[in-house]
Amino acid sequence: MANRANHRVLLGCGLLCAAALLCAEPMGSEAAEGPQTTPTAPASEAKATADFPVVSDARLAGDSKQTRFILDLDKKIDFRAFALADPYRVVVDIPQVTFQLAPGTGSAGRGLVKSFRYGLVMPGGSRIVFDLTGPAKIANSYVLDAANGQPPRLVLELEEVDRTGFVQSLAPENRPELKPAVAEANAAVVAPDTTAALKPSQAPDARPLIVIDPGHGGVDNGTQSAGEMEKNLVLNFGLALRDKIEQSGKYRVVMTRTDDTFIPLNDRVKVARSQSAALFVSIHADALPKHEGDAQGATIYTLSEKASDAKAERLAEAENKADAIGGVSLDEPAEVADILIDLTQRETKTFSNRFARVLMNEMKTTVRMHKHPLKSAGFRVLKAPDVPSVLVELGYVSNKGDLEHLVSENWRNKTVGSMAQAIDTFFTKRLATVGPTK
C-alpha cells in the first residue's frame, strides 16, 4: 500500500509539471467545422474572443510528391510543426485563433494529405492535425507577411519520403525505436519534494469526489449529424449534471473539461486518479454507420478486455483513437500498466458494475434505453485501476428520435435528474457498507 501511495504522489507531481509545460507553450483556438457552435460564453469572454487572430481560409495544393498547406490569417502568428508516426500525421500548434472556415473544410484531402482537422486543444492554444496518405516529412514551414493585397499566411510544405526517412525526421520523443529510452530517462528524473507546500490550512473535504468527463472536444468533434456535434452535446449535458450533483452539497465535482478543449485520454484518467476520485463518469453520444442499420437508446459501458459484443468493440476502438485524432501519442502510461494486475482493480471493477446497474435502473424510468443497456469493452478512458468508472452513451446522433432528445433541454433535465439520483443511491449504499473512506 505504501508503494501505491508513493505512486499516486509521483503521478500527481507529474501531472502538475505537465500542466505547467503545456501552459508555457504558445498555442490556441476555437474548434468546429464552419461557424462556432461552442456553448454560450459570458459577454466578457465573447469580447476577448474577438481579440484572437482570425483564420479565414485553409487549403491544400500540390500532388503525391509535394503538397503545400496554406492558412490565411488576419495577423502573423508563431507556430510549431512536427510529425508523428503510426499513424502518419503532421501536427501544427498555433496560438488560440478563431476559425472562420466553410463547413467541411479539411474533410477532402489532396496529395500527401488524406484530411485535416482543427480546433482548440487547450486554453490559449489551437491545433491542426493532418492525416497523411503515407510517410512524408516537413520540407519547409514559414509565415508570410501581408503583401500585394494578400493576407498573412502560414505555409507548410510536405515532401514524400520512405519510412526510414520519415522516422529519422521525427523528434527523439516521437521516434518509435527511441521511445523506451526516452521513457526510462524521464522516469529517472526525481520528482521534487512538494510535501512542504501541501500543508492544508484546514481539514480536507471528506465528501466523495466525482469526475464528469464530457467526451471529445476541440480538434476532436466526435460523431456528427444534422449540424450537431457530439463534443457540444455532451459538454452541455456534463455541465448540467455537475450543477445538479452540486446542488445537494453532498459531493465534490470535477470536470475534465468545461469548454471546447481537446483533452488526451490519459489526462482524463489522470484527473480522476490524481484527485482520488470516488467515481468517474464519461459522457458520450454514439452514431451507427448507415450500412449497420439503425439503433436507439442510451447504453452504459464498463471496462472489460473482452468486448461484450461486436458493436461494443467497434465503439471502444473508435473512442480509443481520440488521441490520434488530437495528434498525441497513443502510448499506455507505465504507471497504469504496472498497477492493472493489482487486487484493487478487482474491487474497482465490482463497484463499476454495481454503479452501472444502479444507473440503468434509474435511467430506464425516464430515458429510452438501448435494447441491451449494459455492455463492456476495452475503453482506455475507463482504465483507472482504483476509480470506479463507467461510460454512458446518451443515445445515437444517427437516430432522428435520439437526436431530438439530445438537443432538448427538457430531456436533458430529466436525464440529468435520473443520473444524479443514481449517484446518490450508489454512494448511500456504498458508504453504509464500507464506511466513509474509499
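To keep things clear, this report deals only with the structure shown in the data block. (Residues numbered from 1 in each chain as written. Predicted model: local features only at pLDDT ≥ 70, side-chain atom pairs only at ≥ 80, totals over all residues. Heavy atoms only, no water.)

## Topic: the sheet that holds strand 4 (residues 89-95)
Reasoning step 1: Taking strand neighbours across the sheet as the criterion, the four strands line up as 3-4-7-6 in an open arrangement whose pairing is antiparallel. Of all strands in the sheet, those with a lone pairing partner are strand 3 (80-84) and strand 6 (113-122), marking the two edges. Taken pair by pair, the neighbouring strands of this sheet meet at an average axis angle of 20 degrees, ignoring direction.
Reasoning step 2: Across seven bridges, the pairing between strand 4 and strand 7 (residues 125-132) is antiparallel. Residue P95 lies in a different strand from strand 7, and its bridge partner there is G125. (Pairing = 2+ DSSP bridges. Helix = DSSP H or I, 4+ residues; strand = E, 2+ residues; numbered from the N terminus. Axes fitted to C-alpha atoms, helices over the stretch in contact; angles between N-to-C directions.)

## Section: the side chain of S418
Reasoning step 1: Within the secondary structure layout, S418 lies in helix 12 (residues 409-434).
Reasoning step 2: For S418, the side chain forms a polar contact with the side chain of T366, separated by 3.5 Å.
Reasoning step 3: In this view, S418 contacts E362, M363, T366 and V367; residues no more than four positions away in its chain are not counted. (Polar contact = N/O pair within 3.5 Å; in protein donor to acceptor, adjacent residues only side chain to side chain. Contact = heavy atoms within 4.5 Å.)

## Details of the pattern of salt bridges
Reasoning step 1: On inspection of all chains with the given rule, the structure shows 21 salt bridges.
Reasoning step 2: Residue K65 pairs with E160 through a salt bridge whose shortest N-O separation is 3.0 Å. Placement of K65 in the loop between strand 1 (54-62) and strand 2 (66-73) and of E160 in strand 9 (residues 153-160) is noted, with a sequence separation of 95 residues between them.
Reasoning step 3: For E160, a relative accessible area of 37% puts it in the partly exposed group.
Reasoning step 4: What emerges from the salt-bridge pattern is a single network uniting D57, R59, D72 and R153. (Salt bridge = Lys/Arg side-chain N within 4 Å of Asp/Glu carboxyl O. Buried < 20%, exposed > 50% of the residue type's maximum accessible area, 1.4 Å probe, protein only.)

## Remarks on empty space enclosed by the protein
Reasoning step 1: Under the defined criterion, the tally for this structure stands at six cavities of 30 Å³ or more.
Reasoning step 2: Estimated volume of the largest cavity: approximately 100 Å³.
Reasoning step 3: Lining the largest cavity are 16 residues, with L265, R268, H284, E319 and A322 positioned closest to its centre.
Reasoning step 4: In terms of residue class, the lining of the largest cavity is made up of six nonpolar, five polar and five charged. (1 Å grid on protein atoms, 1.4 Å probe; cavity = no way out; pocket = protein on both sides within 12 Å on 5 of 7 lines; lining within 4 Å. Points joined across faces, edges and corners; volume = space filled by probe spheres on them. Nonpolar A, V, L, I, M, F, W, Y, C, P; charged D, E, K, R; others polar.)

## Quick word on the nonpolar core
Reasoning step 1: Among the nonpolar cores identified, the biggest contains 43 residues, and I245, I283, F355, M363, V392 and M419 are the most heavily contacted of them.
Reasoning step 2: If you tally residues by element for this core, the top one is helix 12, at eight residues.
Reasoning step 3: Among all residues touching V392, those that are not within four sequence positions of it are V281, S282, I283, H284, T299, L359, M363 and M419.
Reasoning step 4: In this structure, I94, L112, L154 and F166 belong to the second largest nonpolar core, which totals 31 residues. (Core = buried A, V, L, I, M, F, W, Y, C linked by side-chain atoms within 4.5 Å.)

## Quick look at unusual backbone geometry
Reasoning step 1: Cis geometry is found at the peptide bond from D86 to P87, where omega equals 5 degrees.
Reasoning step 2: You can see P87 is positioned in the loop between strand 3 and strand 4.
Reasoning step 3: Positive phi, normally seen in glycine, also occurs at D86, with a value near 50 degrees.
Reasoning step 4: Of the residues examined, D86 reaches a relative accessible area of 47% and is grouped as partly exposed.
Reasoning step 5: Of note, N148 is a non-glycine position whose phi angle comes to about 55 degrees, a positive value.
Reasoning step 6: Mapping N148 onto the fold places it in the loop between strand 8 (136-144) and strand 9.
Reasoning step 7: With a relative accessible area of 79%, N148 lands in the exposed category.

## Focus: helix 5 (residues 230-247)
Reasoning step 1: Helix length check: helix 5 (18 residues) gives 26 Å between terminal C-alpha atoms against 26 Å at 1.5 Å per residue, within 8%.
Reasoning step 2: Residues E230, K231, N232, L233, V234, L235, F237, G238, L239, L241 and I245 constitute the buried set of helix 5. (Expected span 1.5 Å × (residues − 1).)

## Some words on helix 7 (residues 310-319)
Reasoning step 1: Within the sequence span of helix 7, burial applies to A312, L315, A316 and E319. Buried positions in helix 7, seen along its axis, are confined to an arc of 100 degrees and lie on one side of it.
Reasoning step 2: If you check the start of helix 7, you find a side-chain oxygen 2.7 Å away from the backbone N of A312, and it comes from D309. (Arc of directions from axis to C-beta.)

## Thoughts on the sheet that holds strand 16 (residues 369-377)
Reasoning step 1: Strand order in this open sheet of six strands is 13-10-14-17-15-16, and the pairing throughout is mixed. Looking along the sheet, the strands with just one partner apiece sit at the ends: strand 13 (252-255) and strand 16. Taking each pair of neighbouring strands and ignoring which way they run, the sheet shows an average axis angle of 20 degrees.
Reasoning step 2: Pairing analysis gives five bridges linking strand 10 (residues 209-214) to strand 14 (residues 279-286), with the strands arranged parallel. From the neighbouring strand, I212 faces strand 14, where its bridge partner is V281.

## Observations concerning the environment of D260
Reasoning step 1: By secondary structure assignment, the location of D260 is in the loop between strand 13 and helix 6 (265-274).
Reasoning step 2: For the pair D260 and P123, spaced 137 residues apart in sequence, the C-alpha separation works out to 8.9 Å.
Reasoning step 3: A polar contact is formed between the side chain of D260 and the side chain of K231, at a distance of 3.2 Å.

## A short note on the pairing of strand 14
Reasoning step 1: With eight of eight residues buried, strand 14 lies mostly within the body of the structure.
Reasoning step 2: What you see with strand 14 is no split at all: L279, V281, I283 and A285 on one side and F280, S282, H284 and D286 on the other are buried throughout.
Reasoning step 3: Note: strand 14 against strand 17 (residues 389-396), six bridges, orientation parallel. Looking at strand 17, one finds that S282 is bridged to L391.

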